[in-house]
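If you want the building blocks of each chain, they are given just below.
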Amino acid sequence: MRLSRSPRSVRLGVELFEDRLTPSWAAVPPAAVPVPTAYTTVAPDAAYQATGTASISAGEVDWYKVTVQAGQTTALATTPGSSLNTVVGLYSSAGARLTSNNDRSATDTDSRVYRTLTAGTYYLGVTNLTGTAGSGSYTWSFTTPPPEDAYEENDTQAAAADLGTLSVARAVSGLALADANDWFKFTTTAAGTGSVSLAFSNALGNLSLRLYDSGGRVLATSAGSGDTETVSLAGRPAGTYWVRVYGVSSAFNPNYTLTVTPPVVVAPGAFSITLRTTGMTPTQEVIFQQAADRWAQVITADLPDTTYGGVFVDDLLIDASAVAIDGAYGVLGSAGPDALRAGSRLPYHGEMEFDTADLARLESDGGLFSTVLHEMGHVLGIGTLWGTLGLLTGAGGSDPRFIGPRATAEYNALFGRAEAGVPVENTGGPGTRDGHWRESVFDEEVMTGTLDTGVNPLSRITVASLADMGYTVDLAAADPFAP
């Protein structure tokens, strides 16, 4: 049974029917009562909750009739602004007492019953405790479960629904949290990038997500307040994992989607980017992975393995999150590395942030991939490590230049020039100038400071700049690009 949440509930003003079957109840109501003939019918809302207000006169029992699907139900009687000491009893359709409650605690005379039920009709009686003041107002509420889905009964880890061995992403929609827990299990075949995500309407019940190993140990938890939850599989070895979906404060939810994106098998010696995302939808996570795979096409050699925060890293771990930045159509995102390898100074961890006001729009108009690709470039070190690696001259002046020899050669060949470096952005704020290719020269190239409508190519110049920084690259993997 669950504590109802009143903001979305059905409110009934004054009680319409009363049935005085007993003068009042002791702490334990009668074991059986005649089937009530006068009652208020409980009509749960879209979140399977209902609430209302009523009052009791001395010697009165108020009855409520509720029909539930199989699962749990919560019934609560509270007494705001009243000294009424309530007793509640939950009865079967035949009038047999199933459970009851007098006081919620030694200091709380409100009442609540919590019971796992089979599908059917039930009656809740509310009255005052014998020997106490017999009149006063109270608030009643119910939370009842939505219909169960095809994966029930999966209420324990032992009974988890098996999603099988996964090599590609699998999304299961039309799920309902109709009881305390939904459990699923799946098996992966590799270590690397991957995640488990929930998508749901928080307004219909806030859900949380936990990842477990075979021994029941909690590996990760996602318990936010939005419409998605995600736990990462980054750095976790191949094997079988369990996922538990549960409601916050015993909430139900009639419709959610579970998506498991298994780790991608990375060829030995290849470069890989591992993502841990927060606040992204499953479809957005796919785009993030596509951007990571695109960089792995142009960077062809492995970097030394390491760890970050106890997580194995091969070759770059990125934490990406959706946050409020400056509203729609402003700064789309920001990113950079925050942990560098000794010697090479190449990153093994970085962070990316994307404005929540822009994510959905970027996804719908096709600009999200280029935006994510751009920010990942900054985590790799493009624009963020140029100064650290001694590859930037003229910073802050009118003509800053990237002076890596391979990128310079590609720039001169493509533009028909004979210059000593690649033009770097000389306008804008500190997040734009000195950290991008010059917009007036490169226009729609992906590593300029402005997102252009349509295609934003990843040019040979950008790929060559990675080589100047110390990466092993494949220039042939660049996109076609012309001045």
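For clarity, every value in this text was computed on a predicted model and none was experimentally measured.

(A) Up close: the nonpolar core. Counting 53 residues, the largest nonpolar core has Trp-295, Met-352, Met-376, Trp-437, Leu-466 and Tyr-471 as the members making the most contacts within it. At the level of secondary structure, the elements contributing two or more residues to this core comprise β19 (273-278), α1 (282-298), β22 (316-323), β24 (347-355), α2 (356-365), α3 (368-380), α4 (405-415) and α6 (460-469). If you look at the next biggest cluster of nonpolar residues, it comprises 24 residues, including Leu-163, Phe-200, Ala-220 and Val-243.

(B) Summary view of the confidence of the model for the protein. Of the residues in the protein, 90% reach a pLDDT of 70 or more, and the chain-wide mean stands at 84. Per-element mean pLDDT across the protein ranges from 71 in strand β4 (residues 71-78) up to 97 in strand β26 (residues 401-402). For residues 1-22, every residue scores under 50 in pLDDT, and the model assigns this stretch 86 contacts once sequence neighbours within four places are set aside.

(C) Broad picture of the pairing of strand β18 (residues 253-261). With five bridges joining them, strand β11 (residues 170-177) and β18 adopt antiparallel strand pairing. When the bridges of β18 are listed, Ala-171 appears paired with Thr-259. Here strand β13 (residues 195-200) pairs with β18 via six bridges, running antiparallel. From the neighbouring strand, Phe-200 faces β18, where its bridge partner is Tyr-256.

(D) Examining the sheet that holds strand β27 (residues 422-423) more closely. In spatial order, the strands read β25-β26-β27; together these three strands make up an open sheet with antiparallel pairing. The open sheet has two free edges, formed respectively by β25 (392-393) and β27, since each of these has just one partner strand. Here two bridges tie β25 to β26, and the two strands are oriented antiparallel to one another. Across the sheet, the residue bridging to Thr-393 is Arg-401, located in β26.

(E) Fine view of the pattern of salt bridges. By the definition in use, this model includes nine salt bridges. Measuring nitrogen to oxygen at the nearest pair gives 2.7 Å for the salt bridge that ties Asp-319 to Arg-276. With Asp-319 in strand β22 and Arg-276 in strand β19, this residue pair connects regions lying 43 residues apart in the sequence. The class of Arg-276 is partly exposed, set by a relative accessible area of 21%. In the salt-bridge network here, residues are joined through shared partners; they are Asp-399, Arg-401, Arg-417, Glu-419 and Arg-438.

(F) Representation of unusual backbone geometry. Looking along the chain, the bond that leaves Glu-152 and enters Glu-153 is cis, with omega of 5°. Within the element layout of this structure, Glu-153 appears in the loop between β9 (136-143) and β10 (161-165). With an omega of 10°, the peptide bond between Asp-314 and Asp-315 qualifies as cis. Structurally, Asp-315 is set in the loop between β21 (311-313) and β22. A positive phi angle is found at Arg-345, which is not glycine, with a value near 60°.

(G) Representation of the packing of α1 against α2 in the model. The interhelical angle for the contact between α1 and α2, taken along N-to-C directions, is 70°, at an axis separation of 11 Å. Taken together, the axes of α1 and α2 are roughly perpendicular relative to one another. Across the interface between the two elements, Thr-283, Gln-284 and Ile-287 from α1 touch Leu-359, Ala-360 and Glu-363 from α2.

(H) Quick look at α3. The end-to-end C-alpha separation of α3 is 18 Å, in line with the 18 Å expected for 13 residues at 1.5 Å each. Most of α3 sits inside the fold, with 12 of its 13 residues counted as buried. When α3 is considered as a whole, its buried residues turn out to be Leu-368, Ser-370, Thr-371, Val-372, Leu-373, His-374, Glu-375, Met-376, Gly-377, His-378, Val-379 and Leu-380. At the C-terminal side of α3, Gly-381 shows a positive phi close to 120°.

(I) Layout of the packing of α4 against α6. Put simply, α4 and α6 touch, their axes get as near as 7 Å, and they point 160° apart. By the angle between their axes, α4 is roughly antiparallel relative to α6. In this structure, α4 meets α6 at a crossing whose hand is right-handed. Residue-level inspection shows Pro-405, Arg-406, Ala-407, Glu-410, Tyr-411, Leu-414 and Phe-415 of α4 in contact with α6, the latter providing Arg-460, Ile-461, Ala-464, Ser-465, Ala-467 and Asp-468. Residue composition of the contact of α4 with α6, grouped by class: eight nonpolar, one polar and four charged.

Conventions and cut-offs
- Residues numbered from 1 in each chain as written.
- Predicted model: local features only at pLDDT ≥ 70, side-chain atom pairs only at ≥ 80, totals over all residues.
- Heavy atoms only, no water.
- Core = buried A, V, L, I, M, F, W, Y, C linked by side-chain atoms within 4.5 Å.
- Buried < 20%, exposed > 50% of the residue type's maximum accessible area, 1.4 Å probe, protein only.
- Helix = DSSP H or I, 4+ residues; strand = E, 2+ residues; numbered from the N terminus.
- pLDDT = per-residue confidence, 0-100.
- Contact = heavy atoms within 4.5 Å.
- Pairing = 2+ DSSP bridges.
- Salt bridge = Lys/Arg side-chain N within 4 Å of Asp/Glu carboxyl O.
- Axes fitted to C-alpha atoms, helices over the stretch in contact; angles between N-to-C directions.
- Parallel < 35°, antiparallel > 145°, perpendicular 65-115°, else oblique.
- Expected span 1.5 Å × (residues − 1).
- Left-handed = near helix turned anticlockwise from the far one by under 90°.
- Nonpolar A, V, L, I, M, F, W, Y, C, P; charged D, E, K, R; others polar.

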